[in-house]
Amino acid sequence: MKNCIGWVAIMSILFISGCTTSGAFLSANQTQVNLEQANYNITATNVSGYSESAYVLGFSYSTGFTTSTFAAGRVEGTGLLYKEALEDLWTNYEKDNGTINGKRLALTNVRYDTDILNLFIYTKVMIGVRADVIEFTD
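Treat the numbers as computed from the prediction; the structure is a model and nothing was measured.

Undergrad: What should I look at first to understand the overall build of the protein in this one?
TA: For the protein, the helix and strand inventory stands at two helices and five strands. Scored against the burial criterion, the 138 residues of the protein give a buried share of 28%. Of the contacts made within the protein by residues no fewer than 6 positions apart, 72% connect residues no fewer than 24 positions apart. Accessible surface computed for the protein: about 8900 Å², of which carbon and sulfur atoms make up 56%.

Have a look at this one:
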């Protein structure tokens, strides 16, 4: 019985002192863009980027545009899932379309996907971002 209480105490301490990661990609446009004019070209469709992190002794959940993890410690990834997924998206775009420097590009039709694996002692979160890229000509 004492061993059981000790084990519960250790697990509780790990959860209380562990890491909590929460990510969200909430975007707000301060600029109004009129796509009715012919001043843009679609340069790529369905460009995607991915990121993942894994944790021990915890669980993860997603509610649309946010993903949260409560765990004792991270064992894989940085926890900056949305940032890394968008960076991966732009890296993948550059592989097929050249550098983005000096171009007036925007993402449109952005979609987010989350895949979560929850096991009691291990949780893994995978974020995917998929979008079309447009380039403004004038």
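Undergrad: Just to check I follow, could you spell out the side chain of Asp132 for this structure?
TA: As for its placement among the helices and strands, Asp132 is situated in strand β5 (residues 122-136). An unpaired buried charge is present at Asp132: no salt bridge exists, and Arg111, the closest side chain of opposite charge, is 4.6 Å distant. Separated by 2.9 Å, the side chain of Asp132 and the backbone nitrogen of Asn46 make a polar contact. Those residues in contact with Asp132 that sit more than four places away from it in its chain are Ala44, Thr45, Asn46, Ala106, Leu107, Thr108 and Asn109.

Undergrad: I'm lost on unusual backbone geometry in this one. Help?
TA: What you tend to see is this: most non-glycine residues have negative phi, and most peptide bonds are trans. Look at Asn46: it is not a glycine, yet its phi comes out positive at around 55°. Within the secondary structure layout, Asn46 lies in strand β2 (residues 40-62). Although it is not a glycine, Leu57 adopts a positive phi angle of roughly 50°. Mapped onto the elements of the fold, Leu57 is located in strand β2. With a relative accessible area of 16%, Leu57 lands in the buried category.

Undergrad: It is not clear to me how a nonpolar patch on the surface should be interpreted in this structure. Could you clarify?
TA: Together, Phe59, Tyr61 and Phe70 make up a nonpolar patch on the protein surface, roughly 280 Å² of accessible area in all. You can see Phe70 is positioned in strand β3 (residues 66-76).

Undergrad: Mind showing me how you'd approach the pattern of salt bridges here?
TA: Any two side chains of opposite charge can pair if their charged atoms end up close together. According to the stated counting rule, one finds three salt bridges in the structure shown. Residue Lys124 is joined to Glu52 by a salt bridge in which the shortest nitrogen-to-oxygen separation is 3.1 Å. A residue pair is termed long-range when its members are at least 10 positions apart, and Lys124 in strand β5 and Glu52 in strand β2 qualify at 72 residues. For Lys124, a relative accessible area of 17% translates into the label buried. For the salt bridge of Lys83 with Glu87, the shortest nitrogen-to-oxygen distance reads 2.6 Å. Note that Lys83 and Glu87 are positioned in helix α2 (residues 81-97) at a spacing of four residues, about one turn of the helix.

The rules behind each value
Residues numbered from 1 in each chain as written. Predicted model: local features only at pLDDT ≥ 70, side-chain atom pairs only at ≥ 80, totals over all residues. Heavy atoms only, no water. Helix = DSSP H or I, 4+ residues; strand = E, 2+ residues; numbered from the N terminus. Buried < 20%, exposed > 50% of the residue type's maximum accessible area, 1.4 Å probe, protein only. Contact = heavy atoms within 4.5 Å. Areas by Shrake-Rupley, 256 points an atom, 1.4 Å probe, with all protein chains shown as cover. Lys, Arg positive; Asp, Glu negative; His and termini not counted. Salt bridge = Lys/Arg side-chain N within 4 Å of Asp/Glu carboxyl O. Polar contact = N/O pair within 3.5 Å; in protein donor to acceptor, adjacent residues only side chain to side chain. Patch = residues over 30% accessible without salt bridge, like charges linked within 9 Å, V, L, I, M, F, W, Y side chains within 5 Å.

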